[in-house]
Amino acid sequence: AAGVIQSPRHLIKEKRETATLKCYPIPRHDTVYWYQQGPGQDPQFLISFYEKMQSDKGSIPDRFSAQQFSDYHSELNMSSLELGDSALYFCASSLFRGDEKLFFGSGTQLSVL
Amino acid sequence: GESVGLHLPTLSVQEGDNSIINCAYSNSASDYFIWYKQESGKGPQFIIDIRSNMDKRQGQRVTVLLNKTVKHLSLQIAATQPGDSAVYFCAEREEAYSGAGSYQLTFGKGTKLSVIP
């Protein structure tokens, strides 16, 4: 069965650079969630999209932005990267906005040097 | 044994024994709870869920218990196997009746389960 696809798998950037993370939800899933997980930490909700519109906003820094496109894939754009942004970034999708079952991708490991 | 601090709480069990992983949640308005398993380098994987109108739910080798009085959730794994070694997270969801609604999950602190062969 198709799963949530995230790219790239690993990303190394320097401070003050920008990064773009991509997420391709499971086919027919219209809701996408982004989570950030620091080393040894629990995943923290950043933002979610439903039908290409922002649905909920969590602890996403102003330096980050995200959007969902017409094919339902989503991109997380991160600017002015800081050392503290180094983390595992997960994307999850659900069949519809109220569906509690989230399916997670394998994540993008971002390292900021 | 368990250790806390900068590291995740760890639970070590012998293969074949039962495991019990505990979770305290904070929001009394949460109405839905999920347990996720996260293996190294992978995303969280759904294990089992329970709604607030239930106090027990069983799956294959796993049971989730919910005690709303003390806001406590537990995951029991029967006959623990080496493949069960992972970090386990509980997550809670509150449906905020704000019109737009709020569907994000709030994850609790994970517990690392190590199975000793």
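Engineer: With reference to specific residues and values, describe the interface of chain B and chain A.
Structural biologist: Contact with chain B, which involves 23 residues of that partner, is made by 20 residues of chain A. The contact between chain B and chain A buries some 1,800 Å² in all, and 51% of this surface belongs to carbon and sulfur atoms. Where chain B meets chain A, there are two salt bridges. Notably, a salt bridge pairs lysine 109 of chain B with aspartate 42 of chain A, separated by 2.9 Å at the nearest N-O pair. Inspection of the region where chain B meets chain A yields six residue pairs in polar contact (both at pLDDT 80 or more).

Engineer: Describe the nonpolar core, listing the residues and the values that go with them.
Structural biologist: Judged by nonpolar contacts, the single largest core of 22 residues is most densely connected at Leu21, Trp34, Leu76, Met78 and Tyr89 of chain A. Mapped onto this core, the elements with two or more residues apiece are β3 (19-24), β4 (31-37), β5 (44-50), β7 (64-68), β8 (74-78), β9 (87-94) and β11 (108-112) of chain A. For leucine 76 of chain A, the contacting residues outside a window of four places in its chain are Ala19, Thr20, Leu21, Trp34, Leu46, Ile60, Phe64, Ser65, Ala66 and Tyr89 of chain A. Counting residues in each nonpolar core, the second largest holds 20 residues, with Leu11, Ile21, Leu75 and Val115 of chain B among its members.

Engineer: Quick rundown of the sheet that holds strand β5 (residues 56-58) of chain B? Include the residues and the values.
Structural biologist: Residue and element names in this part refer to chain B. Overall, antiparallel pairing links the four strands, which are arranged β2-β7-β6-β5 in an open sheet. Two strands close off the open sheet at either side, each with one partner strand: β2 (19-24) and β5. Each strand axis lies, on average, 15° off the axis of its neighbour in the sheet, ignoring direction. When strand β6 (residues 62-67) meets strand β7 (residues 72-77), the two strands line up antiparallel, connected through six bridges. The residue of β7 that forms the bridge with valine 62 is isoleucine 77.

Engineer: Describe in detail the packing of aromatic side chains, supporting the description with residues and values.
Structural biologist: Both the distance between ring centres and the angle between the ring planes are used here to describe each pair of aromatic rings. All names here are of chain B. In the structure shown here, the tally under the stated rule is 10 aromatic pairs over all chains. On the basis of an interplanar angle of 85° and a centroid distance of 6.0 Å, the ring pair of phenylalanine 89 and phenylalanine 107 is categorised as edge-to-face. Taken together, the positions of phenylalanine 89 in strand β8 (residues 86-93) and phenylalanine 107 in strand β9 (residues 106-107) put the pair 18 residues apart, joining distant regions of the chain. With a relative accessible area of 6%, phenylalanine 107 lands in the buried category.

About the cut-offs
Residues numbered from 1 in each chain as written. Chains lettered and ligands numbered in written order. Predicted model: local features only at pLDDT ≥ 70, side-chain atom pairs only at ≥ 80, totals over all residues. Heavy atoms only, no water. Contact = heavy atoms within 4.5 Å. Buried area = accessible area lost by both parts, 1.4 Å probe. Salt bridge = Lys/Arg side-chain N within 4 Å of Asp/Glu carboxyl O. Polar contact = N/O pair within 3.5 Å; in protein donor to acceptor, adjacent residues only side chain to side chain. Core = buried A, V, L, I, M, F, W, Y, C linked by side-chain atoms within 4.5 Å. Buried < 20%, exposed > 50% of the residue type's maximum accessible area, 1.4 Å probe, protein only. Helix = DSSP H or I, 4+ residues; strand = E, 2+ residues; numbered from the N terminus. Pairing = 2+ DSSP bridges. Axes fitted to C-alpha atoms, helices over the stretch in contact; angles between N-to-C directions. Phe/Tyr/Trp six-rings, centres within 6.5 Å; stacked < 30°, edge-to-face > 60°.

In short, the description is geometric, and any link to function would need to be established separately.
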